[in-house]
Amino acid sequence: MSTVAVSSSGPVGGPAHGGPELPQERRLVTEIPGPRSRELLARKQAAVPQGVGTALPVFVTRAGGGVVVDADGNSLIDFGSGIAVTSVGNAAPRVVERVRRQVGEFTHTCFMVTPYESYVAVCEALNRITPGDHEKRTFLVNSGAEAVENAVKVARHATGRQAVVVFDHAYHGRTLLTMTLTAKNLPYKHRFGPFAPEVYRMPMAYPFRWPTGPENCAQEAAAQAIDMIVKQIGAENVAAVLFEPIQGEGGFVVPARGFLPRIAEFCRKNGIVLIADEVQTGFARTGHLFACEDEGIVPDIVTTAKGIAGGLPLAAVTGRAELMDRVHVGGLGGTYGGNPLACEAALAVLETIESEGLVERARQIGETMLPRLRALAERHPVVGDVRGRGAMTAIELVRPGTKDPDPATTAEVVKRCHAEGLLVLTAGTYGNVLRFLPPLVMPGHLLDEGLSIIEAAFDRVAGDADI
Ligand SMILES: Cc1ncc(COP(=O)(O)O)c(C=O)c1O
């Protein structure tokens, strides 16, 4: 039997572990990706199907604060947080401490077999901090997709109805149901059908792309959506309306103000369960604990994942007690849902958000980023829109003077940023959105440096695209 080779090469000159003690600096010692990462990429390509894509093929050995360190010793500024997961930072000290303690005590029992306190504590916390002061129940699962699937199960069971309403540009996951709930064909749905039945898609109030202008967007989009629901499905057949308070993979679309309250009111009047998918927006990311708070939306069910547990796989469904308790015993659960390590991590995340003031910090990150991104848009007409809230911001690239998406320039800017040691991600139905999701613990000097790299990338790349 051959041995299993796992590199333990660490950062050059840094501590032997990750976390905020890593030098908070951008440091490039090779090209990006470097030789060691390229070797590992070749192994990946031979071992992992190409369907599992990679945004930036640097292989990580340490990460913490605002940096990711790779196998060649490069230290990159992280504007991605593993897609909005490591909001408290990678290897955050409280997370490490609690998980380390737990891993030596027990690693798994299955909560449905023999329970443990940390699971209950996470559920109590979510019941307390999610929007609304009504009585709630929470149960824990493994991923955002699983949380959304379960929210739909609860809504269908509780209402005895089947239809689920979702929106244009939505992303809810990659399982059969959540891929169906997702709007975009490539890469998420292409050739993966047939899809799940009883899913209906309505227009989203996307201000930048609303045909009659952003000022009419909330009113007209809500009126169209409600009209289509009533005419095409019948409100009395709708189990749930599922929405992202700010759309994530769809391009950080912030629904026009007033749209969501109108939809929420329609749901309330018609006995439809309103499900907020806060998988990407939740846990302080947008400058509120939950993005729904911005317009005072109180959903019947909230799904959370990603930022909830500092990188350990955990997700949750939190809902009105009278809905959640209707499901029969044994109707909800799963082998790993609420794993004890992940629960300890979630408790540590909550402590960290509170003690380090990360809700406020997310707001400050937005206050730093948005003005500089708006100034960038002034200089470069290829930047058609700047949007977002808190530490969830984005720019949308178009051909100047039009709203035609410009994914090619977007890809060029990303390439340039990566080469300079700034990890950025794209999003959007048309692949023309640059999105920024720094860890909330990112030091100010790295945030500034990251923004300067983006500005320089536009100065280099966007010259032709601006014309
Ligand atoms: C809003 C939203 N819902 C659901 C999901 C799916 O979460 P997961 O990848 O953990 O299944 C995502 C992931 O990006 C998301 O952004």
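Residues numbered from 1 in each chain as written. Predicted model: local features only at pLDDT ≥ 70, side-chain atom pairs only at ≥ 80, totals over all residues. Heavy atoms only, no water.

I keep staring at helix α8 (residues 259–269) and nothing clicks. Help me out?
Residues that lie three or four places apart on an α-helix share one face, since the helix turns once every 3.6 residues. For α8, every residue scored as buried is listed here: Phe259, Leu260, Ile263, Ala264, Phe266 and Cys267. End-on view of α8: buried residues confined to an arc of 160 degrees, all on one side of the axis. Those residues of α8 that are exposed and aimed more than 90 degrees away from the buried face are Arg268 and Lys269. (Buried < 20%, exposed > 50% of the residue type's maximum accessible area, 1.4 Å probe, protein only. Helix = DSSP H or I, 4+ residues; strand = E, 2+ residues; numbered from the N terminus. Arc of directions from axis to C-beta.)

How should I be thinking about a nonpolar patch on the surface in this particular structure?
Taken together, Leu176, Phe192 and Phe195 make up a surface patch of nonpolar side chains, about 300 Å² in accessible area. Residue placement: phenylalanine 192 occurs in the loop between α6 (176–181) and β6 (199–202). Of the residues examined, phenylalanine 192 reaches a relative accessible area of 49% and is grouped as partly exposed. (Patch = residues over 30% accessible without salt bridge, like charges linked within 9 Å, V, L, I, M, F, W, Y side chains within 5 Å. Areas by Shrake-Rupley, 256 points an atom, 1.4 Å probe, with all protein chains shown as cover. Salt bridge = Lys/Arg side-chain N within 4 Å of Asp/Glu carboxyl O.)

Would you mind going over the environment of glycine 271 with me for this structure?
Mapped onto the fold, glycine 271 is located in the loop between α8 and β8 (273–277). Separated by 36 residues in sequence, glycine 271 and alanine 235 place their C-alpha atoms 8.5 Å apart.

What should I look at first to understand the pairing of strand β2 (residues 67–70) in this one?
Remember that side chains alternate between the two faces of the sheet whenever the strand is regular. Along β2, one buried face is formed by Val67 and Val69 and the opposite face, lined by Val68 and Asp70, is buried too. In this sheet, β2 lies alongside strand β1 (residues 60–64) in antiparallel orientation, the contact comprising 4 bridges. By the bridge assignment for β2, alanine 63 is matched with valine 68. Joining the antiparallel neighbours β1 and β2 is a turn of 2 residues, in which glycine 65 adopts a positive phi near 60 degrees. In terms of strand pairing, β2 meets strand β3 (residues 75–78) through 3 bridges, oriented antiparallel. What sits directly across from valine 68, in β3, is leucine 76. In textbook terms, the turn of a hairpin is the stretch between consecutive antiparallel strands, and for β2 and β3 this stretch comprises 4 residues, one of which, glycine 73, has a positive phi near 90 degrees. (Pairing = 2+ DSSP bridges.)

Is there a simple way to think about the sheet that holds strand β15 (residues 433–436) in this case?
Pairing between the strands of a sheet is mediated by backbone hydrogen bonds and can be parallel or antiparallel. Pairing within the open sheet is antiparallel, and its 4 strands lie in the order β11-β12-β15-β14. Lying at the two open borders of the sheet, with one neighbouring strand each, are β11 (383–389) and β14 (425–427). On average, each strand axis in the sheet is tilted by 25 degrees relative to the strand beside it, whichever way the strands run. Where β14 lies against β15, 3 bridges are found, and the strand directions are antiparallel. In the sheet register, leucine 425 faces β15, and the bridge partner there is arginine 435. Packing of helix α11 (residues 358–379) onto the sheet brings it into contact with β11, β12 (392–397) and β15, and relative to β11 it is tilted by some 170 degrees. Its contacts with the sheet place helix α12 (residues 407–419) against β12, β14 and β15, and it is angled at close to 40 degrees to β15. (Axes fitted to C-alpha atoms, helices over the stretch in contact; angles between N-to-C directions. Contact = heavy atoms within 4.5 Å.)

Would you explain the packing of aromatic side chains in this entry?
In this description, a pair of aromatic rings is defined by centroid distance and the angle of the planes. Counting across every chain of the model gives 8 aromatic pairs. On the basis of an interplanar angle of 75 degrees and a centroid distance of 6.2 Å, the ring pair of phenylalanine 79 and phenylalanine 436 is categorised as edge-to-face. One end of the pair, phenylalanine 79, is in the loop between β3 and α2 (81–84); the other, phenylalanine 436, is in strand β15, and 357 residues separate them in sequence. The class for phenylalanine 436 is buried, based on a relative accessible area of 0%. One residue, lysine 189, lies across the ring of phenylalanine 195, its end atom 5.2 Å from the ring centre. Directly above the aromatic system of phenylalanine 208 lies the positively charged group of lysine 403, at a separation of 4.6 Å from the ring centroid. (Phe/Tyr/Trp six-rings, centres within 6.5 Å; stacked < 30°, edge-to-face > 60°. Lys NZ or Arg CZ within 6 Å of the ring centre and 35° of its normal.)

Hey, could you run me through the site of the ligand in this one?
Taken together, Ser143, Gly144, Ala145, Tyr171, His172, Gly173, Glu244, Glu249, Asp277, Val279, Gln280 and Lys306 make up the full set of residues near the ligand. Note that an oxygen atom of the ligand is positioned 2.8 Å from one of the side-chain N or O atoms of glutamine 280. Protein chains shield 83% of the accessible area of the ligand, which is 380 Å² for the free molecule. Each residue belonging to the shell around the ligand can be placed in one class, and the counts come to 3 nonpolar, 5 polar and 4 charged. (Near = heavy atom within 4 Å. Polar contact = N/O pair within 3.5 Å; in protein donor to acceptor, adjacent residues only side chain to side chain. Nonpolar A, V, L, I, M, F, W, Y, C, P; charged D, E, K, R; others polar.)

Explain the nonpolar core to me, please; I cannot follow it from the model alone.
Across soluble globular proteins, nonpolar side chains have a tendency to be buried as a group. Phe79, Leu140, Ile275, Phe283, Ile395, Phe436 and Phe458 are the most contacted members of the largest nonpolar core, which totals 92 residues. The biggest single contributor to this core is helix α10 (residues 340–355), with 10 residues. When sequence neighbours within four positions are dropped, the list of residues in contact with phenylalanine 436 reads Phe79, Phe252, Met369, Leu373, Ala391, Met392, Thr393, Ala394, Ile395, Val424 and Ile454. With 34 residues, the next largest nonpolar core counts Trp210, Ala235, Ala256 and Ala264 among its residues. (Core = buried A, V, L, I, M, F, W, Y, C linked by side-chain atoms within 4.5 Å.)

Mind showing me how you'd approach the environment of cysteine 110 here?
Turning to its location among the elements, cysteine 110 is positioned in the loop between α3 (93–105) and α4 (117–129). Of the residues examined, cysteine 110 reaches a relative accessible area of 8% and is grouped as buried. Each C-alpha atom, one on cysteine 110 and one on isoleucine 308, is 20 Å from the other, the two residues being 198 residues apart in sequence. Ignoring any residue separated from it by four or fewer positions in sequence, one finds cysteine 110 in contact with Gly334 and Thr335.

Please explain unusual backbone geometry as it appears in this structure.
Backbone torsion omega between isoleucine 32 and proline 33 reads -5 degrees, so that peptide bond is classified as cis. By the element assignment, proline 33 lies in the segment before α1 (35–47). Along the chain, leucine 186 connects to proline 187 via a cis peptide bond; the corresponding omega equals 5 degrees. Position of proline 187 among the secondary structure elements: in the loop between α6 and β6. Although it is not a glycine, alanine 84 sits at a positive phi angle of roughly 65 degrees. For alanine 84, a relative accessible area of 3% puts it in the buried group.

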